[in-house]
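Structural overview
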Amino acid sequence: MINEDALKVKFRAINKTWLALLASILSYAVVGWYVGTIERSLFAHLLENVQLLGYIVSASILFGSLFFRKKLLFSRIDAARRLKGGNALQAEEVVSLYTGFVIISSAVSEVSAIFGLALCFMGIDKEIFLLFIIASAMAMVLNRPRMEELQHAVEYAGEMS
């Protein structure tokens, strides 16, 4: 079993990774806002369809992340335990799974910002671009790493099946 201080050190590393990914959304916002847009008429026929797709994907990510986050994490822990023949996982294995989980959920949360940036280059209004940035940032904040969640995952993985 991992002690509380070691778990906090590992969690801080996870949190730094998440913060770096969150900061990338800010860079998308700055680039999209200050670089400007390509000639709108070049993409006028595509803009509405791609914008609608962006809305659908962003809403799916935002709401999907709320409902499936814990389910995915604990199903992954269960799968890892099955691979070990039903034996308990070491805390370091759980931290590794959790780190990967945070990175993947953060990267998926960034998709809205990337859609918004692409649409910005295609000529979308800057106010709509900012909606994509805000949706992405909200998904990142909702999917932030939580110490209580990591502790629960470590405890859950240590239980015998």
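Residues numbered from 1 in each chain as written. Predicted model: local features only at pLDDT ≥ 70, side-chain atom pairs only at ≥ 80, totals over all residues. Heavy atoms only, no water.

1. What about the overall build of the chain?
So the rule is basically this: We count a stretch as a helix when DSSP gives it H or I for four or more residues in a row; a strand needs E for two or more, and each element gets its number in order from the N terminus. A radius of gyration in this sense is built from C-alpha atoms; the matching globule rule multiplies 2.2 Å by the number of residues raised to 0.38. Between buried and exposed lies partly exposed: a residue is buried under 20% and exposed over 50% of the maximum accessible area for its type, with that area taken using a 1.4 Å probe on protein chains only. The contact rule is simple, with two residues in contact once any of their heavy atoms fall within 4.5 Å. The protein chains shown are the only cover counted for residues, whose accessible areas, like all others here, come from Shrake-Rupley with a 1.4 Å probe.
Looking only at helices and strands, one finds 6 helices and 0 strands in the chain. Starting at the N terminus, the α and β elements of the chain follow one another as α-α-α-α-α-α. For the chain, the C-alpha radius of gyration of 19 Å lies well beyond 15 Å, the compact-globule estimate for 161 residues. Expressed as lengths along the three principal axes of its C-alpha atoms, the size of the chain is roughly 60 × 25 × 20 Å. Burial statistics for the chain: of 161 residues in total, 39% are counted as buried. Counting only contacts in the chain whose residues sit at least 6 apart along the sequence, the fraction spanning at least 24 positions is 86%. Total accessible area on the chain is roughly 9100 Å²; 67% of this is exposed by carbon and sulfur atoms.

2. A word on the confidence of the model for the chain
Heads up, the condition is: Values of pLDDT, which run from 0 to 100, indicate the predictor's confidence residue by residue.
Counting all residues, the mean pLDDT for the chain is 82, and 91% of those residues have values of 70 or more. Confidence scores differ between elements of the chain, with helix 2 (residues 44–83) showing the lowest mean pLDDT of 79 and helix 5 (residues 126–142) the highest of 89.

3. Description of the side chain of E110
Of note, E110 is situated in the loop between helix 3 (91–109) and helix 4 (111–122). According to the relative accessible area criterion, E110 is buried, its value standing at 6%. Sequence-distant contacts of E110, that is, excluding residues within four places in its chain, are made with L21, S24, I25, Y28, S136 and M140.

4. A few points about the packing of helix 4 against helix 5
Note the threshold: Only the contacting stretch of a helix is used when fitting its axis, a line to C-alpha atoms as for every element, and angles between N-to-C directions run 0 to 180 degrees. Should an angle fall under 35 degrees it is taken as roughly parallel, and over 145 as roughly antiparallel, whereas 65 to 115 is taken as roughly perpendicular and any remaining angle as oblique. For any pair of crossing helices, the crossing counts as left-handed if the nearer helix is rotated counterclockwise from the farther one by less than a right angle, and right-handed if it is rotated clockwise. Ten residue types, Ala, Val, Leu, Ile, Met, Phe, Trp, Tyr, Cys and Pro, are classed as nonpolar, four, Asp, Glu, Lys and Arg, as charged, and the remainder, Gly among them, as polar.
Two elements in contact, helix 4 and helix 5, have axes separated by 7 Å at closest approach and are oriented at 165 degrees. Considering their axes alone, helix 4 and helix 5 lie roughly antiparallel with respect to each other. As for the relative orientation of helix 4 and helix 5, their crossing is left-handed in sense. Contacts between helix 4 and helix 5 involve S112, A113, F115, G116, L117, L119 and C120 from the former and F129, F132, I133 and S136 from the latter. A breakdown of the residues in the contact of helix 4 with helix 5 according to their chemical character gives 8 nonpolar, 3 polar and no charged.

5. With respect to helix 1 (residues 4–35)
Spelled out, the test is: Helix span, as expected, comes to 1.5 Å for every residue beyond the first.
Spanning 32 residues, helix 1 covers 46 Å between terminal C-alpha atoms, matching the ideal 46 Å at 1.5 Å per step. Among the residues of helix 1, L7, F11, I14, W18, S24, I25, Y28, A29 and G32 are the ones counted as buried. Where helix 1 is buried, its residues touch helix 3, helix 4, helix 5 and helix 6 (147–158).

6. Things to note about the packing of aromatic side chains
To be explicit about the condition: Note on aromatic contacts: the rings of Phe and Tyr and the six-membered ring of Trp form a pair at centre separations within 6.5 Å, being stacked when their planes are under 30 degrees apart, edge-to-face when over 60 apart, and tilted otherwise.
Considering all chains together, one arrives at 2 aromatic pairs under this definition. Where Y55 meets F132, the ring centres are 5.3 Å apart and the plane angle is 0 degrees; that geometry is what we call stacked. With a gap of 77 residues between them, Y55 in helix 2 and F132 in helix 5 connect regions that are remote in the sequence. The exposure class of Y55 is partly exposed, given its relative accessible area of 35%. Measuring from centroid to centroid gives 5.0 Å for F74 and Y156, while their planes differ by 80 degrees, and the two rings are edge-to-face. Remark: Y156 occurs in helix 6 and F74 occurs in helix 2; sequence separation between them is 82 residues. According to the relative accessible area criterion, F74 is buried, its value standing at 13%. Under the relative-accessibility criterion, Y156 is labelled partly exposed at 23%.

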